[in-house]
Amino acid sequence: SPQQVAKYEATVVVSQAGFIPAVINVKAGTRMYFENQDTKNHRIDPSLASPDTTFGSTTEIIPSTGYVFSFFKSGDYKYHDGNNPTANGEVIVY
């Protein structure tokens with residue numbers, strides 16, 4: 001099958017305070033950049049089973065870098081920071 005190409009872009013900032021925005025609504029076909037603006041490492045870990053099981057950073061996101069994921073499957077993607085479990089986020093793909 002041909003590779004899907006993202007048509008839209010969005011950014012979530014990963015900070016010491018958590019994710020900004022904490023909840024974001026995007027269209028299917030959005031390439032999301034989770035940008036670490038903190039001085040510590042962070043992780044994007046799914047909190048529940050995601051519509052796309054490949055979602056989630058497999059390595060630490062070091063400062064001034066990011067994790068990129070393209071959302072093609074609609075649904076609710078709840079996640080948390082594996083290094084700061086009180087920080088929660090949600091991507092709603094429609």
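Everything below is about the structure shown above.
The rules behind these values
Every chain is numbered independently, its residues counted from 1 as its sequence is written. Only residues with pLDDT of at least 70 get local features here, since the model is predicted, and only at 80 or more are side-chain atom pairs given and counted; chain-wide, interface and lining totals rely on the full set of residues. Hydrogens and water molecules were not included; the side-chain quantities draw on all heavy atoms of the structure. Only DSSP runs of H or I covering at least 4 residues are called helices, and only runs of E covering at least 2 are called strands; the numbering of each starts at the N terminus. As defined in this context, the radius of gyration uses C-alpha atoms, and a globule is described by 2.2 Å times the residue total to the power 0.38. Classification of residues uses two cut-offs on accessible area relative to the type maximum, computed with a 1.4 Å probe and protein chains only: under 20% is buried, over 50% is exposed, and between them is partly exposed. Throughout, a residue-residue contact means that at least one pair of heavy atoms, one from each residue, lies within 4.5 Å. Computed with a 1.4 Å probe, the accessible areas rest on the Shrake-Rupley method; for each residue, only the protein chains presented here act as cover. A positive count includes Lys and Arg, and a negative count includes Asp and Glu. His and the chain ends are not counted in either. A charged residue contributes its charge at one atom only: NZ of Lys, CZ of Arg, CG of Asp or CD of Glu. Pairing of aromatic side chains requires ring centres within 6.5 Å, counting the rings of Phe and Tyr and the six-membered ring of Trp. Pairs whose planes differ by under 30 degrees are stacked, by over 60 edge-to-face, and all others tilted. Any Lys or Arg side-chain nitrogen located within 4 Å of an Asp or Glu carboxyl oxygen qualifies as a salt bridge.

Undergrad: I tried to follow the overall build of the protein chain on my own but got confused; where do I start?
TA: Of the regular secondary structure elements, the protein chain holds 0 helices and 8 strands. Secondary structure elements of the protein chain, listed N to C terminal, follow the sequence β-β-β-β-β-β-β-β. Since a compact globule built from 94 residues should have a radius of gyration of about 12 Å, the 12 Å found for the protein chain is in line with a globular shape. The buried share of the protein chain, taken over its 94 residues, is 38%. Within the protein chain, contacts between residues at least 6 apart in sequence are counted, and of these 50% link residues at least 24 apart. Element-wise, carbon and sulfur atoms account for 51% of the exposed surface of the protein chain, whose accessible area totals about 5400 Å². Of the charged side chains in the protein chain, 7 are positive and 9 negative, and the gap between their average positions amounts to 7 Å.

Undergrad: Would you take a moment to explain the packing of aromatic side chains for this structure?
TA: Centre distance and the angle of the planes are the two values used to describe a pair of aromatic rings. Tallied over the full model, the rule gives 12 aromatic pairs. Plain terms: the ring middles of Phe55 and Tyr67 are 6.5 Å apart, the flat faces sit at 50° to each other, and that makes the pair tilted. Taken together, the positions of Phe55 in the loop between β5 (44–46) and β6 (66–71) and Tyr67 in strand β6 put the pair 12 residues apart, joining distant regions of the chain. Summarising the burial analysis for this pair, Phe55 and Tyr67 share the class buried.

Undergrad: Looking at this model, I keep getting lost on unusual backbone geometry. Mind explaining?
TA: Trans is the prevailing form of peptide bonds, just as negative phi is the prevailing case for residues other than glycine. For the bond running from Ile20 to Pro21, omega is -5°, close enough to zero to count as cis. Position of Pro21 among the secondary structure elements: in the loop between β2 (18–20) and β3 (23–26). At Ser64, a position not held by glycine, the phi torsion is positive, near 65°. As for its placement among the helices and strands, Ser64 is situated in the loop between β5 and β6. For Ser64, a relative accessible area of 71% puts it in the exposed group.

Undergrad: Looking at this structure, I do not really get the pattern of salt bridges. What am I missing?
TA: Taken as a whole and judged by the stated rule, the model has 3 salt bridges. Between Arg31 and Glu9 there is a salt bridge; the shortest N-O distance is 3.6 Å. Placement of the pair is Arg31 in strand β4 (residues 30–36) and Glu9 in strand β1 (residues 8–15), with a sequence separation of 22 residues. When its relative accessible area of 34% is taken as the criterion, Arg31 is described as partly exposed. The salt bridge partner of Arg43 is Asp45, with a shortest N-O separation of 3.4 Å.

Interpretation note: all reported values are geometric properties and have no functional meaning in isolation.
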